[in-house]
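The primary structure of each chain is shown beneath.
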Amino acid sequence: MSTEGLVGIPLPVFDGGFWESAEALLSMDSIMMEVSPAGSNSGSDEFNRSADDDRKRRRKISNRESARRSRMRKQKHLDDLRSQANRLRLDNREMANRLNLALQHNEMLRQENDRLRSESQELRRKLQDIRRFLLFRRLQHLASVNQQNPL
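Residues numbered from 1 in each chain as written. Predicted model: local features only at pLDDT ≥ 70, side-chain atom pairs only at ≥ 80, totals over all residues. Heavy atoms only, no water.

Draft legend 1. Examining the overall build of the protein more closely. Within the protein, the regular secondary structure consists of two helices and two strands. The order of α-helices and β-strands along the protein, N terminus first, is β-β-α-α. The buried share among the 151 residues of the protein stands at 6%. In the protein, of all internal contacts separated by at least 6 residues, the share reaching a separation of at least 24 is 32%. When the accessible surface of the protein is summed, it comes to about 13600 Å², and 55% of that surface belongs to carbon and sulfur atoms. (Helix = DSSP H or I, 4+ residues; strand = E, 2+ residues; numbered from the N terminus. Buried < 20%, exposed > 50% of the residue type's maximum accessible area, 1.4 Å probe, protein only. Contact = heavy atoms within 4.5 Å. Areas by Shrake-Rupley, 256 points an atom, 1.4 Å probe, with all protein chains shown as cover.)

Listed below in structure tokens is the structure:
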């Protein structure tokens, strides 16, 4: 698509404020060279000016291409950083879930441990009561044997 320039020469249209390629710039520069009026300078001056203009044009194209590559690198870097941030968010969420699970498991084990300690204390108390009872019975038995068989 093109529009008509100031001097009636069709110019290429570009979207987004950037030329699509170096070829578009070259065609634009060639159109501009056709439009510029020939001066009254000598041929060598015009040749030098043309060579300087050519170098400037190539440098301008090179700079624009370099800027385009730089923007692409920057965009890729930003995309990589976004991807890494998303991955880290997922890892963080997964670790938080694992931590919550571990904490719940820890709480269950703590409660089980408390219950077992309490049960152990109760069983020790009962065992001590049984030992006392058996000792008492043995003493009763020995006392009855001593009463039946005095020395």
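Draft legend 2. Examining a nonpolar patch on the surface more closely. A cluster of nonpolar side chains, contributed by Ile130, Phe133 and Leu134, occupies part of the molecular surface with about 320 Å² of accessible area. Relative to the elements of secondary structure, Leu134 occurs in helix H2 (residues 43-148). For Leu134, a relative accessible area of 53% puts it in the exposed group. (Patch = residues over 30% accessible without salt bridge, like charges linked within 9 Å, V, L, I, M, F, W, Y side chains within 5 Å. Salt bridge = Lys/Arg side-chain N within 4 Å of Asp/Glu carboxyl O.)

Draft legend 3. The arrangement of the confidence of the model for the protein in detail. Scored by pLDDT, the protein comes out at a mean of 82, with 71% of its residues at no less than 70. When pLDDT is averaged over each element of the protein, H2 comes out on top at 95 and strand E1 (residues 2-4) at the bottom at 48. Predicted confidence is poor over residues 1-7, with pLDDT under 50, and the contacts of this stretch with residues over four places away or in other chains come to 16 contacts. This model gives residues 16-20 a pLDDT under 50, and the stretch forms eight contacts once residues within four places in sequence are excluded. (pLDDT = per-residue confidence, 0-100.)

Draft legend 4. Main features of the pattern of salt bridges. Taken as a whole and judged by the stated rule, the model has 13 salt bridges. Two residues, Arg55 and Asp52, come together in a salt bridge whose shortest N-O distance is 2.3 Å. Of the two residues, Arg55 and Asp52 are both situated in helix H2; the distance of three residues between them amounts to about one turn of the helix. By relative accessible area, Arg55 is classed as partly exposed at 47%. Residue Asp52 is classed as partly exposed on the basis of its relative accessible area of 34%. Between Glu107 and Arg110 there is a salt bridge, and its shortest N-O distance comes to 2.6 Å. Of the two residues, Glu107 and Arg110 are both situated in helix H2; the distance of three residues between them amounts to about one turn of the helix.

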